[in-house]
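# Summary of structural features
Chain by chain, the residues:
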Amino acid sequence: MPLITYREAIKQALDEEIQRDENVCIMGEEVAQYNGAYKVTEGLWEKHGDKRLIDTPISEAAFSGMAIGASMLGIRPVVEMMFMSFSYVAIDQLFNNASFCRYMSGGLMNVPIVVRGPANGGTNVGATHSHTPENMVANHPGLKVVCPSNAYDAKGLMKAAIRDNDPVFVMENTLLYGEKWEVPEEEYIVELGVANILKEGTDLTIVSHGRCAMLSLEAAKTLEEAHGISVEVVDLRSIRPLDEETILNSVKKTGRALLVEENKPYCGVDAQISHLIQLKAFDYLDAPVHRVSAIDAPQIYAKPLEDWQIPNQERIIAGALKIFG
Amino acid sequence: MATLIDMPKLSDTMTVGTLVRWLKNEGDAVANGDMIAEVETDKATMEVECFDDGVLIKQYCGEGTEVAVGDPIAAVGEAGEEAPAGTSSAPAPAETAPAAPEPAPVAPVAPVAPVAPVAPTTPAPVAEAPAAPASSSGTRIKASPLAKKIAAEKGLDLSTLQGSGPGGRILKEDVLNAKPSAVATDTTSSAPAAAPAATLEALDIPVTNMRKSIGKALVGSKTQAPHFYLQIEVDGAPLAKLRAELNGKLADLPPEHGGTKFSVNDLTLKAAAEAVRRVPAINRSWEGDTIKQHPNVHLAFGVAIDDGLVTPVIRDAETKGLREIGAEAKVLIKKARGKKLTPNEMSGSTLTVTNLGMFGISDFYGIINPNNAAILSIGATLKKPVVNENDEIVVGQVMKIGLSGDHRTIDGAVGAQYLQALKEILEAPATMLV
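Here the structure is a predicted model, which is why all the values come from computation and not from measurement.

From N to C terminus, chain B includes seven helices and 18 strands. Burial analysis of chain B (434 residues in total) assigns 41% to the buried set. In chain B, once contacts between residues fewer than 6 apart in sequence are set aside, the share between residues at least 24 apart is 68%.

Let us look at the interface of chain A and chain B. Across the boundary between the two partners, chain A contributes 16 residues, which contact 14 residues of chain B. Elements represented by at least two residues in the side of chain A that touches chain B include exactly α7 (211-227) and α11 (313-323) of chain A. A total of four residues in the side of chain A that touches chain B trace back to one element, the largest contributor, which is α11 of chain A. Among the residues forming the side of chain A that touches chain B, the class breakdown is nine nonpolar, four polar and three charged.

An α-helical turn contains 3.6 residues, so any two residues separated by three or four positions project in the same direction. Residues and elements named next belong to chain A. Its 13 residues place the ends of helix α6 (residues 151-163) 19 Å apart at the C-alpha level, agreeing with the 18 Å of an ideal helix rising 1.5 Å per residue. With 12 of 13 residues buried, α6 lies mostly within the body of the structure. Every buried residue of α6 is accounted for by A151, Y152, D153, A154, K155, G156, L157, M158, K159, A160, A161 and I162.

Here we take up helix α1 (residues 145-154) of chain B. All names here are of chain B. What α1 keeps buried is the set L146, A147, I150 and A151. The arc that holds every buried residue of α1, seen down its axis, measures 130°, which confines them to one face. G155 lies just past α1 and shows a positive phi near 70°.

Right, let's get into the sheet that holds strand β6 (residues 54-59) of chain B. With respect to topology, four strands assemble into an open sheet ordered β1-β8-β6-β3 (chain B), the strand pairing being antiparallel. If you trace the sheet from one side to the other, it starts and ends with β1 (3-6) and β3 (29-30) of chain B, each paired once.

All names here are of chain B. Following the sequence through the fold, K330 ends up in helix α6 (residues 322-337). Under the C-beta neighbour-count criterion, K330 is labelled partly exposed, with 14 such atoms within 10 Å. Taking the C-alpha atoms as reference points, K330 and F262, 68 residues apart in sequence, are found 9.8 Å from one another.

With that settled, the discussion passes to the pairing of β6 of chain B. All names here are of chain B. Most of β6 is tucked away, with five of its six residues classed as buried. Strand direction decides the pairing type here: β3 and β6, joined by two bridges, are antiparallel. Paired with A29 across the two strands is V55, which belongs to β6. In this sheet, strand β8 (residues 72-77) lies alongside β6 in antiparallel orientation, the contact comprising four bridges. Across the sheet, residue L56 finds its bridge partner in β8, namely V76.

Calculation criteria
Residues numbered from 1 in each chain as written. Chains lettered and ligands numbered in written order. Predicted model: local features only at pLDDT ≥ 70, side-chain atom pairs only at ≥ 80, totals over all residues. Helix = DSSP H or I, 4+ residues; strand = E, 2+ residues; numbered from the N terminus. Buried ≥ 20, exposed ≤ 12 C-beta atoms within 10 Å, placed from the backbone. Contact = placed C-beta atoms within 7 Å. Nonpolar A, V, L, I, M, F, W, Y, C, P; charged D, E, K, R; others polar. Expected span 1.5 Å × (residues − 1). Arc of directions from axis to C-beta. Pairing = 2+ DSSP bridges.

Fair warning: the whole summary comes from geometry, so function is off the table for now.
Here it is, written out as structure tokens:
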């Protein structure tokens with residue numbers, strides 16, 4: 001199986017979907033002629049031309065609104081946010097209009113758009129460029145959101161997102177763009193709402209998503225080797241729809257849960273998952289649910305501090321050990 | 001920067017301590033010299049001292065928790081400061097702090113003597129139920145939801161279990177490892193229909209630090225010290241007469257006029273110390289490469305306490321009068337029952353006396369208090385037919401004294417000479433009053 005980068009996997013998904021469905025197009029700042037700010041769409045404009053790759057003005061509100069309107073008429077736009085933080089500029093279009101069209105039209109209109117772009121910290125780009133708004137998206141009924149942690153999932157989830165008939169946010173990660181994973185050449189889809197057990201274990205469930213799932217997997221190995229704690233790592237992949245069953249089955253098996261995410265802790269995704277676990281697996285818990293998330297402060301600009309602000313292996317291991325007293 | 005306060009090693013044999021009670025709570029201001037917690041060692045309940053000024057920002061363990069020596073129990077820092085992560089039973093490699101400051105060194109403690117107890121004024125309750133895990137901090141039992149569920153399924157009473165989780169929480173493992181107790185009357189269909197009714201209460205009693213320590217010391221002594229046993233019969237009448245006279249005159253006097261009351265134990269302790277002056281070789285200890293003969297008699301005696309026994313030591317007993325020994329013994333017994341003996345008060349014995357006479361035991365042999373050369377076992381003074389100097393069979397008062405000796409340190413002859421000396425003193429007890 002070829003080893004390809006996360007960036008390449010997303011590009012393959014976009015390329016294949018453009019070829020599969022004539023209604024799929026990509027729009028955003030510098031996505032066409034410049035090959036994308038993070039080179040995710042490299043070569044696609046050359047290959048598919050102006051009709052399918054559209055460079056937009058620097059106005060997230062405008063091109064998001066355009067995408068929503070186009071999608072109502074049958075186009076399936078993939079909107080790139082240079083940073084997912086910039087979706088805040090288009091908050092009325094994306095969080096207000098896109099989410100509720102299906103409901104407010106009594107099911108007559110739907111909005112099959114994909115909003116994709118990097119949503120992560122850890123790159124020293126400051127407080128306004130480091131948001132991880134998957135919790136915000138998930139807080140809007142009508143929106144869907146996925147956070148692929150690896151190249152295989154990035155490709156499979158992107159294809160599922162493009163084919164989905166509702167607005168789907170795909171939260172990418174600039175720190176993962178250059179990382180490589182095995183990705184099959186033959187076509188596959190990763191369904192929305194299906195979590196992935198990255199590693200099986202018996203003593204502790206770590207629930208995580210995005211890049212943190214990979215950090216958790218590494219931490220799990222250390223916990224097993226150095227501390228004899230057998231850890232099961234559940235990668236959510238999809239925040240909404242959420243695979244409750246996989247989370248609950250795992251927690252019921254291990255009796256303990258550590259939730260790891262890069263979201264800020266307050267009303268983060270894991271606050272919701274923590275609630276889910278206590279509600280539906282209360283009698284299976286042998287310890288309180290613990291969380292490791294970003295430290296609750298604006299994203300810190302100083303790199304050494306930011307590296308500690310977002311979860312790292314040390315913090316995940318310490319968080320896990322705390323559960324065991 | 002916060003300072004961690006670790007579980008101190010309060011005795012030679014201590015590997016874990018149980019945090020009995022917090023004296024300072026999180027958020028309390030503390031100063032150098034403050035006592036922050038009470039810790040039950042294998043010997044006694046001791047207070048843990050704080051050597052820093054600041055605020056107690058974190059308690060790493062709840063009351064009732066066992067903490068390994070060297071693991072942090074608390075952190076002291078500035079108000080609002082984040083406490084460092086405590087180590088767990090599986091400490092992170094980064095946290096193996098090589099030179100954690102040991103709190104004040106405490107004199108080494110003699111191992112708990114494997115001896116029989118001195119008469120308790122009231123017999124200790126034998127079958128006291130083990131304390132509920134969180135009973136020291138309230139009546140609520142801390143158990144995880146999972147543990148509660150499994151306990152309910154198995155019909156187990158959680159109050160009989162000891163929690164191994166953080167803060168003493170009862171975990172799944174604790175429930176799974178527990179055997180069903182007879183207290184829980186589970187009448188579900190899974191119970192065998194024809195199980196005979198239990199007439200006695202079944203209990204799984206957790207092994208306390210003290211019992212562990214007694215077990216360790218006893219096994220050590222019985223396996224390492226080759227015991228030999230001697231017994232001598234003493235005419236108990238003169239001692240009983242002396243005691244009756246002393247108590248008859250002194251018991252009713254107010255203390256300031258010298259009023260006091262002597263037990264048989266006080267008299268035998270005094271006699272045992274006095275006899276050492278005649279046979280000093282009994283006052284030896286096995287030191288591995290050398291055998292040490294001690295210049296003073298540090299006389300240990302067994303005191304029964306709840307679920308165990310301790311051996312406080314009367315120092316320089318050969319220099320002390322009967323009144324002094326009696327008074328000191330009373331104080332030590334009282335401290336022992338309150339678990340307030342300091343390690344110092346239980347260490348350094350050179351000879352041990354144990355007494356089961358008050359239970360009517362006529363004769364027995366104690367196990368040697370480790371490193372002592374011998375232990376004396378005092379039996380009851382019982383009326384027996386004896387042959388007097390005129391070859392007549394008369395009613396006598398017979399007291400049997402056993403001696404267990406460590407054959408590495410002393411031989412039978414030394415033990416015999418010592419018992420002989422003791423017999424002479426006890427049969428003419430006025431000689432030990434001068």
